[in-house]
Number of protein chains: 4
Amino acid sequence: MSWLENSILARMGVAGGRPGRTHALTEARQGRYHYVYGPYAEPVLTIEPGDVVVAETHDAFEGKIRSETDRPSEVLRFPYLNPQNGPIFVKGAEKGDCLAVHIKDIRPRGPQPVGTTCLITEFGGLVATGATALLNKPLPEKVKKLHVTVEEGVKWSDKITLPYEPFIGTIGTSPEIEAISSLVPDYYGGNMDLPDVAPGAVIYLPVNREGALLYLGDCHAIQGDGELCGVALEHPTHTTVQVDLIKDWTIAWPRLETEAFFMTIGSGRPMEDAARIAYRELVRWMASDWDFDEHEAYLLLTQCGKVRVGNMVDPKYTLGASIKRSIVGEPKGR
Amino acid sequence: MSWLENSILARMGVAGGRPGRTHALTEARQGRYHYVYGPYAEPVLTIEPGDVVVAETHDAFEGKIRSETDRPSEVLRFPYLNPQNGPIFVKGAEKGDCLAVHIKDIRPRGPQPVGTTCLITEFGGLVATGATALLNKPLPEKVKKLHVTVEEGVKWSDKITLPYEPFIGTIGTSPEIEAISSLVPDYYGGNMDLPDVAPGAVIYLPVNREGALLYLGDCHAIQGDGELCGVALEHPTHTTVQVDLIKDWTIAWPRLETEAFFMTIGSGRPMEDAARIAYRELVRWMASDWDFDEHEAYLLLTQCGKVRVGNMVDPKYTLGASIKRSIVGEPKGR
Amino acid sequence: MSWLENSILARMGVAGGRPGRTHALTEARQGRYHYVYGPYAEPVLTIEPGDVVVAETHDAFEGKIRSETDRPSEVLRFPYLNPQNGPIFVKGAEKGDCLAVHIKDIRPRGPQPVGTTCLITEFGGLVATGATALLNKPLPEKVKKLHVTVEEGVKWSDKITLPYEPFIGTIGTSPEIEAISSLVPDYYGGNMDLPDVAPGAVIYLPVNREGALLYLGDCHAIQGDGELCGVALEHPTHTTVQVDLIKDWTIAWPRLETEAFFMTIGSGRPMEDAARIAYRELVRWMASDWDFDEHEAYLLLTQCGKVRVGNMVDPKYTLGASIKRSIVGEPKGR
Amino acid sequence: MSWLENSILARMGVAGGRPGRTHALTEARQGRYHYVYGPYAEPVLTIEPGDVVVAETHDAFEGKIRSETDRPSEVLRFPYLNPQNGPIFVKGAEKGDCLAVHIKDIRPRGPQPVGTTCLITEFGGLVATGATALLNKPLPEKVKKLHVTVEEGVKWSDKITLPYEPFIGTIGTSPEIEAISSLVPDYYGGNMDLPDVAPGAVIYLPVNREGALLYLGDCHAIQGDGELCGVALEHPTHTTVQVDLIKDWTIAWPRLETEAFFMTIGSGRPMEDAARIAYRELVRWMASDWDFDEHEAYLLLTQCGKVRVGNMVDPKYTLGASIKRSIVGEPKGR
């Protein structure tokens, strides 16, 4: 038996973790992609809990960076960045529920070189930016276009080949009344750029209004901790997710489950605030679903909690805090 | 001659700083107040540059905290907080222009006690919050209702009377495609909670889309630097502003002009990032409109720049950086 | 009667605020200046509470930047920066006491041009630094040497003259067992770069070990809020202070009193942490010495607290939080 | 052949990575332990490059927390915390050199229960502290004493057993003229609380003055990322290190090498500043010792850099940034 059959998704999901109908969210079906997470766009799909969606995602630049001689400052136009598929309306979802998204598969889409990374002016973790506003001159722009395949990974240079380790950079639900740039991560998910949001994992997202309105996009072929220059190995994909619904499970921030661990995800600035959110959520989760005393959970995480830095470049930084399943065991039933 | 007649507003405004028609934006005319700054609401007014608007603003709680025995956690419902008048469509305004708003008058509105301040659970500058997420228990809730008049100020206690020093806590234009909570300050203005946005001043705001879509609300009877507990002396008002338009003046962040100084306003986290934004904008402004070398401006501000802390409690902190008119002189014409 | 005669210094000081003997702390008497605040150096003076010291201070560069063609990177050698007079041993001072230093006078010393400001590589509030470590190239070095007199102020340029508004940039007591760079501000004072530490004010400093071991130096002819580029208008001075002792007044951070206000001073990173320290200390001071309920003080400061940004460039940022004497009245006697 | 034989230590060390004489740094030989990293204490040992030291370290509380009913606030006295062995004078070490410390072994010392963790008032990552100063009431104090052995690990509770994963919490060299609390991490090492400083690793430390003056202590039996409550599983140990010297290798911050990766270590506040330092040092290291173009290294780390959060509780936060040996290959010779 796979761990998945005993996951929170399987035990609490309306569809019990069983896949329903499959929907092809092609470019044609999507039509216009979206640049905000909000309730003001028409759903492109309406699905039942358990349904599977195969989305044709664009890369974060909507394919506009075509060669290594393109200049990002010339071909990109803020705020029309990081195009998202969706919104997907999930029947039965109401504010206070939780969306459980099982990521089943991600694979590159389109002609090679399919991968893009680059230096963008005044953006990135080791440069002055619009948010950390300084007088230093910016770095020069630079683009790399790379071959990416599932089998051979990423050929970075003659000497260096990197594995294909894809994940969804941006995924989340609509805020209740806000419409927020797809460049931002927050309590509803969004541009978390957290490599754990990968095939095999289940991500749990708060539902803030009827239908949940799921968005996703911005898949990365591989990314280091922090997404240092701000641009991972961006690529268009076929991304397959199974979307289930957990009624009356109200979570404040995204959570994630894998065979190995349970994780809570926080986004904020400064970075310690993202870490505090993630760890406080984990303490509270251990208290509610494993019956820990809060202070005992705090002491235990001091000894064995793990932190993953998702991004240190977006409008809010994202960190995941986790505890191993082998230490904490299974959450109690509901 | 008043300084105003030689202000940037007067010299560059489409209406030359001269008042046009006056519009009464009453509660009835406003109808539903708004909780986001965005382009998805219908304008409640369409005005010409130079027109004057007298707005009936609500307090930040829309009047729901009626007595000192009310509990904020029971009567307030997130995200329906900080109700805003608007949006006001300004004819001729296009992306890349600048809105110039001269604040002419603010006075209390409605039955006494008209002023409200309070401690709200997990909100404020000296407590653990949702953003600075800790395990400490929250402070108890507490409400103070206070008489506020223009003439007598604020009777805080038997021993302490504070002056009436009103200003607009939240004012700004719509983002291009985002709709952002009225609790947030950012490049378009919003919930800056900066006491310099007061009668007599002119605030300059970036226009991000056609018509600018001006919102305002959240007037404070008085506020200290930082708005420490997060709730200034909130009160409903009649607020009078004259709204002019400066074509083709593209500014990245709000600016402000008074008889005494020129100010740039930055919002961000951590607080030093707000300060950096404000000061970098001031350096750039001095370079473009007073012909300073950037490094010379940087050195001069080191000796005589002033910083005002607006808020240290909102989703982004707001600071203003300024230089005295007596030091820098008048900006060059355009 | 001057406010000083009713100050905390006068009411609580061992010498009752009355001046004692005057000591000339000349360059010769000082001998080697110091670059750390610590207990490992021999006192250069031993004084009684109430004694007055006239110190010949160096500028922050110990006079090594002699002309506008000097390059800071060539003439300065870290960590031998920001030379301090002292330590001064105050008889009777023990851990848990408080040193009260009344700043009586500061005036320029030595041949003109006596003032120096400059851009130092990878140092300052609007550039990448060793602490905010980025890949951007540094700004070019730049030095300005300026005439500074009490009467005529600072001739910045043909168009701009700035007033002479001197203060002590660095002043404090020794930590108990640490010896910390004179570039750092912290709970014991140090490099606060706060313009309120000016003639007329009384600064209160925690005593951490026998004799207090007072250090001071780094006087500025004028400085803006934040000391933006990191180098105020540095100048050597004759600085006159009267040093009194308050027994058994244990304060956690420096405090300051003027005719107009009471201030608490915090230093930390990020900047909001400095603000929190300063404001929490002020809340606690209002609770202990004015009998405020802590939450009432918190609410009142929300309406009328003031914040001064000292520096946003040193290893810790420094902010002062204050409340007007006219609002809060006199502290209770002890 | 072990990776160690081809390590930087082996290739560049004065002793070529070969162990010399072994010194027992017993409690008796140590005498007084130290609470600052500085040059003002007499060396307890003088050694040759290559020599091995077996140190009897105390736990961070010097054994004063003896039972679960002890209250930290009663038995601990700031600043006499985190006692350190040393200083150890390394012959031939001069400013600008690098100390290479190979950690060979750590094992528990003394009677069981040998491990201690606890909640300390106003200290920790999820509570208000002296640095993040708030008005919330502190958590209650709480102590856990635990059996710790190499073979059986840590028996946390009936259900939970944790592995023994020891490392050195605090290790570093003396600053040139400062003496800094052993609670602080910085460019010279100190209280980094980074779990990678573990048996098998080589840590490289800047030498700031003659003899280097190595200190170490504060070994942890296990610790999660961030050392969440501020107190890992503290325990007294026998810790064995081999200390070699690399002449004329001037590094700005600590570095670390294992069989699997190369790491740079940064400490600062806010947390992003620690991350920036660590990553910038790694970019610079890749440029100097692997001949990467700096911008190419920046892009590559974006795809495959790893971040380890050491502590989010100390006066500065510590993060390590690393790249796998399998990706980057061996550094060039010198």
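The rules we used
Residues numbered from 1 in each chain as written. Chains lettered and ligands numbered in written order. Predicted model: local features only at pLDDT ≥ 70, side-chain atom pairs only at ≥ 80, totals over all residues. Heavy atoms only, no water. Buried < 20%, exposed > 50% of the residue type's maximum accessible area, 1.4 Å probe, protein only. Helix = DSSP H or I, 4+ residues; strand = E, 2+ residues; numbered from the N terminus. Polar contact = N/O pair within 3.5 Å; in protein donor to acceptor, adjacent residues only side chain to side chain. Domains from an automatic or database assignment. Contact = heavy atoms within 4.5 Å. Buried area = accessible area lost by both parts, 1.4 Å probe. Salt bridge = Lys/Arg side-chain N within 4 Å of Asp/Glu carboxyl O. Pairing = 2+ DSSP bridges. Axes fitted to C-alpha atoms, helices over the stretch in contact; angles between N-to-C directions. Least-squares fit on C-alpha atoms with pLDDT ≥ 70 in both.

Honestly, helix 5 (residues 294–304) of chain C in this entry has me stumped. Any pointers?
Because each turn of an α-helix spans 3.6 residues, side chains separated by three or four positions end up pointing in the same direction. Residue and element names in this part refer to chain C. With 10 of 11 residues buried, helix 5 is to be regarded as a mostly interior element. Along helix 5, the residues that are buried comprise His 295, Glu 296, Ala 297, Tyr 298, Leu 299, Leu 300, Leu 301, Thr 302, Gln 303 and Cys 304. Between a side-chain oxygen at the N-terminus of helix 5 and the backbone nitrogen of His 295 the separation is 2.9 Å; the capping residue is Asp 293.

I'm lost on the domain arrangement of chain A in this one. Help?
A common way to express how large an interface is: the accessible area buried when the components associate. All names here are of chain A. For chain A, the assigned domains are domain 1 (3–248) and domain 2 (257–326). Taking the mean C-alpha position of each, domain 1 and domain 2 sit 21 Å from one another. Taken together, the contact pairs 31 residues of domain 1 with 22 residues of domain 2. Summing the contributions of domain 1 and of domain 2, the shared interface buries around 2100 Å²; its carbon and sulfur component is 59%. Considering only the side of domain 1, the residues that lose the most area to domain 2 are Trp 3, Leu 194 and Asp 196, jointly responsible for 27% of the buried surface there. For the pair domain 1 and domain 2, the interface holds 3 salt bridges. Put simply, domain 1 and domain 2 have 12 residue pairs in polar contact (both at pLDDT 80 or more) between them. When residues of the side of domain 1 that touches domain 2 are traced back to their parent elements, those giving at least two are helix 1 (8–12), strand 14 (185–186) and strand 16 (202–206). In terms of residues, the side of domain 1 that touches domain 2 owes the most to one element, strand 16, which gives 3 residues.

So what exactly am I meant to see when it comes to the sheet that holds strand 21 (residues 306–311) of chain B here?
All names here are of chain B. Ordered in space as 1-4-18-6-16-19-20-22-21, the 9 strands form an open sheet in which the pairing is mixed. Each having just a single partner strand, strand 1 (22–25) and strand 21 make up the two edges of the open sheet. For this sheet, the mean angle separating the axes of adjacent strands, direction not counted, is 25°. Across 10 bridges, strand 6 (residues 98–108) lies against strand 18 (residues 237–246) in antiparallel orientation.

Just to check I follow, could you spell out the pairing of strand 18 (residues 237–246) of chain D for this structure?
Residues and elements named next belong to chain D. Counting buried residues along strand 18, 9 of its 10 residues qualify, which places the element largely inside the surrounding structure. In this sheet, strand 18 lies alongside strand 4 (residues 52–57) in antiparallel orientation, the contact comprising 6 bridges. The partner of Glu 56 across the bridge, within strand 18, is His 238.

What is the right way to read the relation of the copies chain A and chain B from this model?
Superposition of the two copies of the chain requires a rotation about an axis and a shift along the axis. With an axial shift of 0.0 Å and an RMSD of 0.0 Å, the rotation relating chain A to chain B amounts to 180°. Such a turn and shift between the copies fits a two-fold axis. Distance from the rotation axis, computed per C-alpha, reaches its smallest value in chain A at Ala 179 of chain A: 2.3 Å. Both copies contact each other with a shared surface, as 100% of the interface residues of chain A are interface residues in chain B too.

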